[in-house]
Amino acid sequence: MKTTPISNHSEIGRLNTVIIHEPGPEMENMTPETAHEVLFDDIISLDLALKEHAQLSGVLKKVCPNVLEFENLLADILTDERTKLDLLEAVCQLHQQQSLVDDLMVLEAKPLAAQLFQGTLMVKNNLEKFLSPSRHAIPPLPNAFFTRDAVMCVYDKAIIGSMAHKVRLTEAILLKHIFDEHPKLDSQGFHFDGTRKDNNDVTIEGGDLLVIRDDLLVIGFSERTSANGIDRLAERLSKNKEQLDIVVVELPKIRATIHLDMIFTMLDVDTVMNFAPLITGPNKCRAFHMHCERGEIKHIKEYSGLPKALRNFGMELNFVNCGGEDAFTQEREQWTSGANFFTFAPGHVIGYQHNKATMEALNQAGFEIIDALDIIHDKKTLPNGKAAVAMDGSELSRGGGGCRCMTLPVHRDAVNW
Ligand SMILES: NC(=O)NCCC[C@H](N)C(=O)O
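Computed from a predicted structure; not experimentally measured.

> When you look at the packing of helix H3 (residues 70-77) against helix H6 (residues 109-118) in this model, what are you seeing that I'm missing?
The packing of two helices is summarised by the inter-axis angle and the distance between the axes. At a minimum axis separation of 8 Å, H3 and H6 run at an interaxial angle of 130°. The orientation of H3 relative to H6 falls into the category oblique. The two elements H3 and H6 meet at a crossing, and its hand is right-handed. Contacts from Phe 70, Glu 71, Asn 72, Leu 74 and Ala 75 of H3 reach H6 at Ala 109, Lys 110, Ala 113, Ala 114, Leu 116 and Phe 117. Among the residues forming the contact of H3 with H6, the class breakdown is 8 nonpolar, 1 polar and 2 charged.

> Would you explain the UniProt feature "active site" (unreviewed entry) in the protein chain in this entry?
Per the UniProt record, the feature "active site" (unreviewed entry) sits at Cys 405. Relative accessible area serves as the criterion here: at 2%, Cys 405 is assigned to the buried category.

> It is not clear to me how the pairing of strand S16 (residues 296-303) should be interpreted in this structure. Could you clarify?
The side chains of a regular strand alternate between both faces of the sheet. Summarising the sheet, strand S15 (residues 287-293) and S16 pair through 7 bridges and their orientation is antiparallel. Looking across to S16, one finds that Ala 287 is bridged to Tyr 303.

> Looking at this structure, how should I read the site of the ligand?
The immediate surroundings of the ligand are formed by 15 residues, with Leu 39, Asn 143, His 259, Gly 399 and Cys 405 found nearest. Here a nitrogen atom of the ligand sits 2.8 Å away from a polar atom, N or O, in the side chain of Asp 149. In the environment of the ligand, an oxygen atom lies 2.9 Å from a nitrogen or oxygen atom belonging to the side chain of Arg 168. A total of 350 Å² of accessible area belongs to the ligand in isolation, and the protein chains cover 100% of it.

Criteria and thresholds
- Residues numbered from 1 in each chain as written.
- Predicted model: local features only at pLDDT ≥ 70, side-chain atom pairs only at ≥ 80, totals over all residues.
- Heavy atoms only, no water.
- Axes fitted to C-alpha atoms, helices over the stretch in contact; angles between N-to-C directions.
- Helix = DSSP H or I, 4+ residues; strand = E, 2+ residues; numbered from the N terminus.
- Parallel < 35°, antiparallel > 145°, perpendicular 65-115°, else oblique.
- Left-handed = near helix turned anticlockwise from the far one by under 90°.
- Contact = heavy atoms within 4.5 Å.
- Nonpolar A, V, L, I, M, F, W, Y, C, P; charged D, E, K, R; others polar.
- UniProt positions renumbered as here; feature names shortened; annotations may be inferred.
- Buried < 20%, exposed > 50% of the residue type's maximum accessible area, 1.4 Å probe, protein only.
- Pairing = 2+ DSSP bridges.
- Near = heavy atom within 4 Å.
- Polar contact = N/O pair within 3.5 Å; in protein donor to acceptor, adjacent residues only side chain to side chain.
- Areas by Shrake-Rupley, 256 points an atom, 1.4 Å probe, with all protein chains shown as cover.

Structure below.
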């Protein structure tokens, strides 16, 4: 495959290159007690998760020419000794395990890549370690299959996430090295590198950042992305632009709404999926419009909600309700990642089929519902019109996310607005 430049100017353009990660043994490295510490809602069965994830990768491989695997990309760059040393020093320093660098340097690229996902066990050779509740010196990365969050491709460059929780920082370090070094990715520097933490108040995660158009971003101000982080992004992303508008949505700082993409995803030029209580309902989230010019925030205006703020930019949207019309079902299906769709071409989306009322609402809105296995086994092809591919995901969703969370788009075609 040739080098892919970064080009991601929308949430919906036809997908050419995407990074995903098939979960590995790291996913089972937790107990009911530690699941919450690693940001999972429950312990998960890897066998089930793998079967479900295979549906996502199977569909993506049918619709996208370059589906790249995080672990393979990592193994590729670890064949270079200089990169391997830099990367190991960064990871070991993060976890204050500098003494492990030499031990890890002797591993070959592939087993080392696997080890970095699975973590390294702590040798209990002193009292402090013996008494430590932690089993790992370098912790495993059970969230790594949510490739969305640690890197965001915005326009022609990447942003390396400034992760709100330490358990996800290693992912950002690994992906930063991949974007910096991998010959398949032509990244040309970063808009912002969140692994260079000079300020703990600056947090930014990919689930909160929606690239709507060349001149418009929507960002969640959430448990994971701070006001300080958004200010920093506003300055950096508008640096070389005459103007950039950012609509900020203020999310409740609770587990169900860790990121904006858990309540709002774009499905087509004029259609979005939303969790109505927080986007269109009477108690909807507040929204703020930040207007930026050449690296400066020129003014900020408050709106009663996201729809009104977006109307300002000529976006008259159709809102499909996650969970349909019933408030009880909306709440249940939002929790199981019902609003978290991934759009791989305008009007062509993939999401979890266990969210039945959401799928029904999509069908009512003109989307043909197609089983993921029918696409994978060539029993059906995607129509010219709108379609929602329905995949199994009840196990994956207990990790706290859906199809948008599990995909990191690098290159999309331009959209014909
Ligand atoms: N974009 C997303 O909403 N990603 C889901 C991340 C779930 C993961 N367990 C986390 O809490 O970070």
